Amino acid sequence: MRGWAFIGGLSVLALIPVVVKTPSYLDVLIYVGIYTIVTVGLCLLTGYAGQISLGQAAFYGLGAYTSAILTVSYAIPSGLALIAGMLVTAAVAYGFGIPILKLKGHYLAMATLAFGIIVYLAFVEFKDFTGGPSGIPGVPPFSLFGFAFDSDIKRYYLTTGAALLTLVVARNVVNSRIGRALRSIHGSEVAAETLGVDTARHKLQVFALSAAMASLAGSLYAHHLGLVSPAAFTFVTSVEFVVMAAVGGLASVWGAPFGAATVTILTEGIRRVMPLLLSYASGEHEVIAYGIILIAIMIFMPEGLVVGLRASFWSRRRARG
Amino acid sequence: MSALLSAHGIRKSFGGVVAVADVTFDVPSGEVRAIIGPNGAGKTTIFNLITGIFPLDGGTIRFKDSTLGGLSPWQRAQRGIARTFQNLQIFTNMTVLENVMVGRHRKSRTGLLAAAIRAPWALREEARIREHALACLELVNLERRADDMAGSLPFGQQRLLEIARCLATEPTLLLLDEPAAGLNRGEADALGRLILSLRQRGITILLVEHLMDLVMGISDSVLVLNHGQVLAQGSPDAVQNNPGVVEAYLGAEVEDA
Ligand SMILES: Nc1ncnc2c1ncn2[C@@H]1O[C@H](COP(=O)(O)OP(=O)(O)OP(=O)(O)O)[C@@H](O)[C@H]1O
Ligand SMILES: [Mg+2]
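Keep in mind that what you see is a predicted model, and the values were worked out from it rather than measured.

> Where do I start with helix α10 (residues 199-225) of chain A in this structure?
Note: α-helices contain 3.6 residues per turn, so residues at a spacing of three or four share the same orientation. Residues and elements named next belong to chain A. With 27 residues, α10 should cover 39 Å at 1.5 Å per step; its first-to-last C-alpha distance of 39 Å lies within 8% of that length. When you tally the buried positions in α10, you get 24 out of 27 residues, the bulk of the element. Looking one or two places after α10, you find Gly226, whose phi comes out positive at around 80 degrees.

> Just to check I follow, could you spell out the interface of chain A and chain B for this structure?
When the parts of a complex come together, some accessible area is lost, and that lost area is often taken as the interface size. Contacts between the two partners involve 27 residues from chain A and, on the opposite side, 36 residues from chain B. Surface buried jointly by chain A and chain B totals about 2600 Å² across both partners, of which 62% is contributed by carbon and sulfur atoms. Together, Arg177, Arg180 and Leu195 of chain A form the three largest contributors to the area buried by chain A at its contact with chain B, with a combined 31%. The shortest N-O distance in the salt bridge between Arg183 of chain A and Glu98 of chain B comes to 2.9 Å. At the level of elements, α7 (152-174), α8 (177-187), α9 (189-194) and α10 of chain A are the ones that each hand at least two residues to the side of chain A that touches chain B. By residue number, the principal contributor to the side of chain A that touches chain B is α8 of chain A, which donates eight residues. Split into classes, the residues belonging to the side of chain A that touches chain B amount to 10 nonpolar, 11 polar and six charged.

> Where do I start with the side chain of Lys43 of chain B in this structure?
All names here are of chain B. With respect to the helices and strands, Lys43 occurs in helix α1 (residues 43-50). For Lys43, which is buried and forms no salt bridge, the nearest opposite charge comes from Glu178, at a distance of 4.8 Å. Among all residues touching Lys43, those that are not within four sequence positions of it are Ile35, Ile36, Gly37, Pro38, Glu178, Val208, His210 and Leu225.

> Would you explain the pairing of strand β2 (residues 17-27) of chain B in this entry?
Consecutive side chains along a regular strand alternate between the two faces of the sheet. Residues and elements named next belong to chain B. In this structure, strand β1 (residues 5-14) lies alongside β2, joined through seven bridges in antiparallel fashion. Each residue of the ladder has a partner; that of Leu5, found in β2, is Val27. Connecting β1 to the next strand, β2, in antiparallel fashion are two residues, including Gly15 with a positive phi near 60 degrees.

> Which parts of the structure should I look at to understand the domain arrangement of chain B?
Residues and elements named next belong to chain B. For chain B, the assigned domains read domain 1 (1-80 + 171-257) and domain 2 (93-170). Taken residue by residue, the interface counts 18 residues in domain 1 and 11 residues in domain 2. Taken over both partners, the interface formed by domain 1 and domain 2 buries close to 1100 Å², and the fraction arising from carbon and sulfur atoms is 68%. Area buried by domain 1 at its contact with domain 2 is led by Gln78, Pro171 and Leu194, which between them contribute 39% of it. Elements represented by at least two residues in the side of domain 1 that touches domain 2 include exactly α2 (73-78), β7 (173-177) and α7 (185-200). Counted by class, the side of domain 1 that touches domain 2 contains 11 nonpolar, three polar and four charged residues.

Basis of the calculations
Residues numbered from 1 in each chain as written. Chains lettered and ligands numbered in written order. Predicted model: local features only at pLDDT ≥ 70, side-chain atom pairs only at ≥ 80, totals over all residues. Heavy atoms only, no water. Helix = DSSP H or I, 4+ residues; strand = E, 2+ residues; numbered from the N terminus. Expected span 1.5 Å × (residues − 1). Buried < 20%, exposed > 50% of the residue type's maximum accessible area, 1.4 Å probe, protein only. Contact = heavy atoms within 4.5 Å. Buried area = accessible area lost by both parts, 1.4 Å probe. Salt bridge = Lys/Arg side-chain N within 4 Å of Asp/Glu carboxyl O. Nonpolar A, V, L, I, M, F, W, Y, C, P; charged D, E, K, R; others polar. Lys, Arg positive; Asp, Glu negative; His and termini not counted. Pairing = 2+ DSSP bridges. Domains from an automatic or database assignment.

The structure is reproduced here in C-alpha cells:
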C-alpha cells in the first residue's frame with residue numbers, strides 16, 4: 001500500500017516537466033526542491049530535537065559560496081565542491097554550536113539570529129573571496145561524471161532527486177536510536193540525560209546535520225541560478241525557512257515538501273501581485289506576509305498544514321456521517 | 001564490604017536556602033534504603049546531587065569506589081545510576097514503548113551514519129532494543145499500553161513507566177522519588193512487591209517515599225532527614241521508635257492532621 005503510494009508519487013514527480021511547459025513554473029518547482037532540503041533539516045532540528053535556528057540562511061549561504069568559489073575560482077568539479085561545502089558548513093555549525101546550543105528557547109533563537117547576520121556581513125565584506133555585495137557571477141551548471149545539468153528540466157530532476165534523498169535520510173534517522181534520542185531531548189532534556197543520552201552531543205550532531213542539508217541546498221541553488229550574492233542569504237531568508245517548516249508541520253519530515261511548496265508558490269504570487277496593488281511595494285513586503293502566515297498557522301494549525309488539513313478533512317467527513 | 005554508594009559531607013544551598021546541610025550516608029549493595037523526611041527536607045535535592053543535575057557545594061559522592069565529581073548526568077547513567085522523578089518527566093511526544101526504548105540508549109551504539117543508511121546491523125540492533133524494552137514494560141504490567149501515547153496514561157501508570165524506562169538501562173542503583181504518589185492502596189502494594197523483586201534481581205534501591213506503610217514494609221534501613229540534616233538512621237523499627245524522629249517528623253504530621 002505504502003509502496004504503491006510511493007511509486008505513484010514518484011511517477012507524478014517524474015511527469016511534471018512533461019506537463020508543465022511554462023519555464024517560470026518549472027523554476028518555481030526547482031526552488032521547491034531546494035527549499036524542501038533546507039526545511040527537512042530544520043524539521044529535524046526543531047520538530048524532533050526541539051532546538052530553534054533563525055540562522056539557517058547562513059548555512060545555505062555557506063554552501064552556495066563554497067560551491068561558487070571552488071568551481072569559479074579554482075575550477076574544482078562541482079560534485080566535489082558540493083561535498084566540500086557540506087563538510088565545511090557542518091564543521092562551522094559544530095564549532096559554533098558548542099557554545100550556543102547550551103542556550104535554550106529565545107536565547108538560542110537570538111544567538112542563531114546573530115550568527116546569521118555575522119555570516120551575511122562576512123559575505124558582503126570579504127570582497128576578495130566573495131565579490132562583495134555584487135557576489136560571484138558565472139557559476140557553471142552542476143555536473144556529475146561529465147553530465148551537465150544545463151537545462152531547467154534536468155535541474156528539476158536533480159533538485160527533486162536530491163530532495164527525495166534528503167527526505168529518505170531524514171526518515172531513516174528519525175526512525176532510529178538517534179531519532180529517538182533527539183525526540184527525548186525535546187520531551188524532557190533532564191530525563192534524557194539521566195537515561196544516558198549525551199544531550200549536548202546529540203544536539204550538536206543534529207545541528208550540524210541540518211546545516212549540511214542547508215549547505216547542499218545552497219550549492220544546488222548556486223548552480224541553478226549561476227550567481228551568488230549576499231542578498232539571498234539575509235535574515236528574511238532564515239525566517240522564510242522557519243515559516244516553511246512551520247507550515248509543513250514540525251512533527252513529521254514529510255510535511256517539509258508541502259511547507260516549501262506552499263510558501264514558495266505564495267511568495268511568488270505575492271511578488272507578482274504586490275506591485276500591482278502598491279506601486280511602491282518592494283521585496284521587503286514579503287516579510288510582512290511571512291509574519292501573517294506564521295501567526296495564522298500558529299493560531300489555526302499549530303501542527304502544520306498537513307496535519308491541520310487532514311484533521312479538518314476527517315472531522316468534516318465524520319460530521320457528514 | 002564497601003558500600004555501592006557513599007555520600008560524605010555533601011552540601012547544597014540555593015541562594016540563602018540550605019537544602020542539604022552536611023549529609024553522610026552509605027548505601028550497601030543489594031539493599032533497599034529509604035530516605036524519609038518532611039517536605040523540603042532535601043530528599044529530592046540529594047537525588048539531584050547523586051545524578052549530577054546540580055553540582056555539589058561541598059563533600060564527595062563515590063559510586064563503585066570512584067568519585068562521581070565532574071561527571072555529567074548521562075555519564076553517571078552510563079555507570080549504572082538511574083532515577084525516576086517526583087514531578088514526572090515522561091516523554092509525552094512518544095509512545096509508551098518508545099519511552100522505554102530511550103532507556104536502551106546506553107546499551108546500544110547505532111550512530112548517525114548507520115542510522116541514515118539503515119545499515120543491517122543498525123536494524124538488527126533496533127529490533128533488539130524493541131524486544132528488551134517490551135520485556136521491561138512487562139515487568140511493570142504496561143505491555144498492553146505499549147503503542148499508546150505516553151501522556152495518555154494515568155499518573156500512577158506514568159510512574160510505573162518511569163520505572164520501566166530506568167530498568168531498560170540495566171541500572172546497578174535505582175533512585176525512586178515518591179513512586180507511590182497518586183497510587184491507590186492496591187497499586188502501592190503491587191509497587192512494593194515490584195521493588196522487592198528488583199532487589200532480588202540485584203538492583204540496589206534508594207527510595208524516597210512519604211507512604212510510611214510502604215517504606216517500613218520493604219526497606220532494609222531508613223535514613224531520616226530534617227532541614228537538610230540526618231536526624232536518624234537505622235532499621236525501620238529503630239527509626240520508628242526514635243524519640244527525635246517521632247517528635248520532629250512523625251509528630252509534625254500528627255499535628256498537621
Ligand atoms: N532548584 C532549586 N532552586 C531553588 N531552591 C530549591 C531547588 N530545589 C530545591 N530547593 C529548595 O531546597 C529545599 C529542599 O527541597 P527538596 O526538593 O530537596 O525537598 P524534598 O525533601 O524533596 O521535599 P518534598 O517532600 O516536598 O519533595 C526546599 O526548601 C526547596 O525549596
Ligand atoms: Mg522531593
